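# Analysis of the macromolecular model
What follows is the residue order along each chain.
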Amino acid sequence: MSNSKAMGGPLRVLICGAGNRAFPKDPPTSLFRGWFETIQNSPDCTVVGVQDVAAASLERVTRNYPLDGIPTFSDLERALDAVPCDAVLICPSAEAHAAAALAAIGAGRHVLIEKPMVVQLADAFRIQHAAEERALVVSVVQNWRLKSVGSAFREAVRSGRIGRVGDIFFRYVRDRERPHLPDYLFEEPYPLLYAMSIHHFDLFRYALGENIESVEGRAFIPPWSRYRSPPFVHLWMRTGGGTVISYAGTFSSKNRHVPQESLVVDGSEGCLTNESQWCDPPLLFSSPDTDEPEDLTAGASRDVRDQYNQADDEYLRDFVEAIREGRPPLCPPADNIWTLATVDAAVRACESGSAVNVADVVAEAEDAATTASVSDRAPA
C-alpha cells in the first residue's frame, strides 16, 4: 500500500459499489450528490477505480458519469491488485459490506464504509480487529452526526446548555409502501430499524455521549402493508446515564402533511425540538426564561440536499485527516458496534416481548467473532 501521508498527494480512492449512494440514478433530484462527485470535488481525494459485481450497474455509470478513463471492475480483489489506491469506499448492498471491508483491509487499504457497517454484528469485530492489526483507519458513515441539527444537538448537551437530559421523545412517520419501490425492500427484516432507526439511535448516542443500555419494544404489521417483517416499532430505551428514550416509527404511514421526524429532548434547563424530513434544521431551544425559542442552527442551510452533502463532505474530510494524522476517525468500528448492537437488541426485544441488555448483544457478537477467528487459524 502506498502511503498518502508520505506522498502528500490526494488520497486515491477505489469505489466498491456503483449503486445509488455513489452514483445517483437522477442526480438533480437525488437527496445527495453521490460519493463519486463528493470525492472528485474534494481537493484531498480522487477516484481511481470503480467496482461492482453487476455489469448493468457499471454500464449505467460508464454511460451517465464522466469517468474520463477511470477503470471499472467486476471483481474487488482484481481491482485491488490492478489499481494503486490508498483507500476503499464501500457502499454496495449491506450483505456485501463485511467481505468487501475485510478484503480491502487485507490488501492494506484504509476503509470508508456506508451504514450499516455489517449485517452480522460479529463481522464488525472482525473488521475492527483486522484494521487494528494493520494500523489502518476504518470509518463508518453515520451522517446524521454531521448534519447541522446533529452537531447542534451534541453541542447543546456537551456545553450544558440544556442541562441534564432526562428524556427523549422521537416519532418517525413515512410512507415507504409506494408501488414503484422494488420488491426486495419488502422482504427485508425489520426494515425501519435497519434502514432508518440506525441513524436515530446513532445520533442519540453521539449527542448524549452515552450508550443505550437496555431496550424494550413491540412491533406491528398494518393490514395494508406489503412488508413481510414489521415496518412499525415502538421502543422504550434507557441509556447508561439514565436518559429514557421513547421511540416510535413506521414505514407504512399514509402521512403527507406533517414532517417525517419529530424530536423532543427534555433537559433540566430547557427543551430541544426538531420537526424535519431528514434531520434538517431548525433545532430550536426553549427555556423557562424566554418567550420565543432560539434557533441553534441559525445560518445553516435549510435545504435537505445541502445538509446531506455537508455531512458527506465533512465525513470525507475527517477520514482523510484521520489517515494523515494517525488518529481515530469520527466513527470507528468500536463506536459503531454499539449502534448496530442497539438495532439488534431492538429486534430481539420486539420478538421476545422482554427487555434486552445491549451489552449482552455486544458480548455475544464478540465471542462469536473470537471463536470464528480461532477456528479460521486452526489447522485443517
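Below: a short report on this structure. (Residues numbered from 1 in each chain as written. Predicted model: local features only at pLDDT ≥ 70, side-chain atom pairs only at ≥ 80, totals over all residues. Heavy atoms only, no water.)

### Quick look at the environment of alanine 99
Looking at where alanine 99 falls in the secondary structure, it is placed in helix α5 (residues 97-106). Residue class for alanine 99 comes out exposed when judged on its relative accessible area of 56%. In this structure, the C-alpha to C-alpha distance between alanine 99 and glutamate 325, residues 226 residues apart in sequence, is 27 Å. (Helix = DSSP H or I, 4+ residues; strand = E, 2+ residues; numbered from the N terminus. Buried < 20%, exposed > 50% of the residue type's maximum accessible area, 1.4 Å probe, protein only.)

### Overview of the pairing of strand β11 (residues 261-267)
Across seven bridges, the pairing between strand β7 (residues 165-173) and β11 is antiparallel. When the bridges of β11 are listed, phenylalanine 169 appears paired with valine 264. In the sheet, β11 pairs with strand β12 (residues 270-276) via seven bridges, with the strands oriented antiparallel. Bridging across to β12, glutamate 261 finds its partner in serine 276. (Pairing = 2+ DSSP bridges.)

### What about the packing of aromatic side chains?
Within this structure, the stated rule accounts for twelve aromatic pairs. Ring centres of phenylalanine 23 and tyrosine 65 lie 5.0 Å apart, and the angle between their planes is 80°; this geometry places the pair in the edge-to-face category. With phenylalanine 23 in the loop between β1 (11-16) and α2 (35-41) and tyrosine 65 in the loop between α3 (55-64) and β3 (72-73), this pair connects stretches of sequence that are 42 residues apart. A residue is classified by how much of its surface remains accessible, and phenylalanine 23, at 0% relative accessible area, is buried. Aromatic pair tryptophan 144 and tyrosine 308: ring centres 5.9 Å apart, planes at 85°, arrangement edge-to-face. Of the two residues, tryptophan 144 is situated in the loop between β6 (138-141) and α7 (148-158) and tyrosine 308 in helix α9 (residues 304-325); the sequence distance between them amounts to 164 residues. The burial state of tryptophan 144 is the same as that of tyrosine 308; both residues are buried. Joined through ring pairs, the aromatic side chains of Phe170, Phe201, Phe204 and Tyr247 make up one cluster. Stacked on the ring of phenylalanine 32, the Lys or Arg arginine 21 has its end atom at 4.5 Å from the ring centre. A cation over a ring is seen here: arginine 226 above phenylalanine 186, with NZ or CZ 3.8 Å from the ring centre. (Phe/Tyr/Trp six-rings, centres within 6.5 Å; stacked < 30°, edge-to-face > 60°. Lys NZ or Arg CZ within 6 Å of the ring centre and 35° of its normal.)

### Brief notes about the side chain of threonine 342
Considering the arrangement of structural elements, one finds threonine 342 in helix α10 (residues 333-352). Among residues more than four places away in sequence, those in contact with threonine 342 are Phe201, Ile212, Val215, Met237 and Val358. (Contact = heavy atoms within 4.5 Å.)

### Some details on helix α8 (residues 191-208)
Across its 18 residues, α8 extends 25 Å between first and last C-alpha, which sits within 8% of the 26 Å expected from 1.5 Å per residue. Maximal helix bending in α8 amounts to about 55°, located at serine 197. Along α8, 17 of the 18 residues are buried, which leaves the element largely enclosed by surrounding structure. Backbone geometry just after α8 places glycine 209 at a positive phi near 70°. (Expected span 1.5 Å × (residues − 1). Bend = angle between axes of the 7 residues up to and from the residue.)

### As for α3
Taken as a whole, α3 has its buried residues at Ser57, Leu58, Arg60 and Val61. Along the axis of α3, the buried residues cluster in a sector spanning 160°; they form a single face. Opposite its buried face, α3 presents the exposed residues Ala56, Glu59 and Arg63, each directed more than 90 degrees away. Where α3 is buried, its residues touch β2 (45-51) and β3. (Arc of directions from axis to C-beta.)

### Focus: the sheet that holds β3
Taken in spatial order, the six strands make up an open sheet running β3-β2-β1-β4-β5-β6, and their pairing is parallel. Every interior strand has two partners, whereas the edge strands, β3 and β6, have only one. Of the pairings in the sheet, the one linking strand β5 (residues 110-114) to β6 comprises four bridges and is parallel in character. Bridge pairing in β6 places leucine 112 opposite serine 139. On the sheet, α9 packs against β1, β2, β4 (87-90), β5 and β6 and is oriented at approximately 155° with respect to β5. (Axes fitted to C-alpha atoms, helices over the stretch in contact; angles between N-to-C directions.)

### Considering the sheet that holds β12
In sheet architecture, strand pairing relies on hydrogen bonds along the backbone and comes in two forms, parallel and antiparallel. Here nine strands make up an open sheet; going across it, the order is β14-β13-β12-β11-β7-β10-β9-β8-β15 and the pairing mixed. With one partner strand each, in any of the chains shown, β14 (294-295) and β15 (356-357) form the two edges of the open sheet. Sheet strands in contact with α7 are β7, β11 and β12, and its direction is about 170° off that of β12. Each of β8 (212-220), β9 (232-239) and β15 touches α10; the most contacted strand, β8, lies at about 45° to it.

### Things to note about the environment of glutamine 128
Within the element layout of this structure, glutamine 128 appears in helix α6 (residues 121-134). With 204 residues separating them in the primary sequence, glutamine 128 and proline 332 have C-alpha atoms 8.1 Å apart. Setting aside anything within four residues of it in sequence, one finds glutamine 128 in contact with Pro333, Ala334 and Ile337.

### Concerning the side chain of asparagine 274
Topologically, asparagine 274 is positioned in strand β12. A polar atom in the side chain of asparagine 274 sits 2.8 Å from the backbone oxygen of proline 282. Ignoring any residue separated from it by four or fewer positions in sequence, one finds asparagine 274 in contact with Val149, Glu261, Ser262, Leu263, Cys279, Asp280, Pro281, Pro282 and Leu283. (Polar contact = N/O pair within 3.5 Å; in protein donor to acceptor, adjacent residues only side chain to side chain.)

The values are spatial; any link to function lies outside them.
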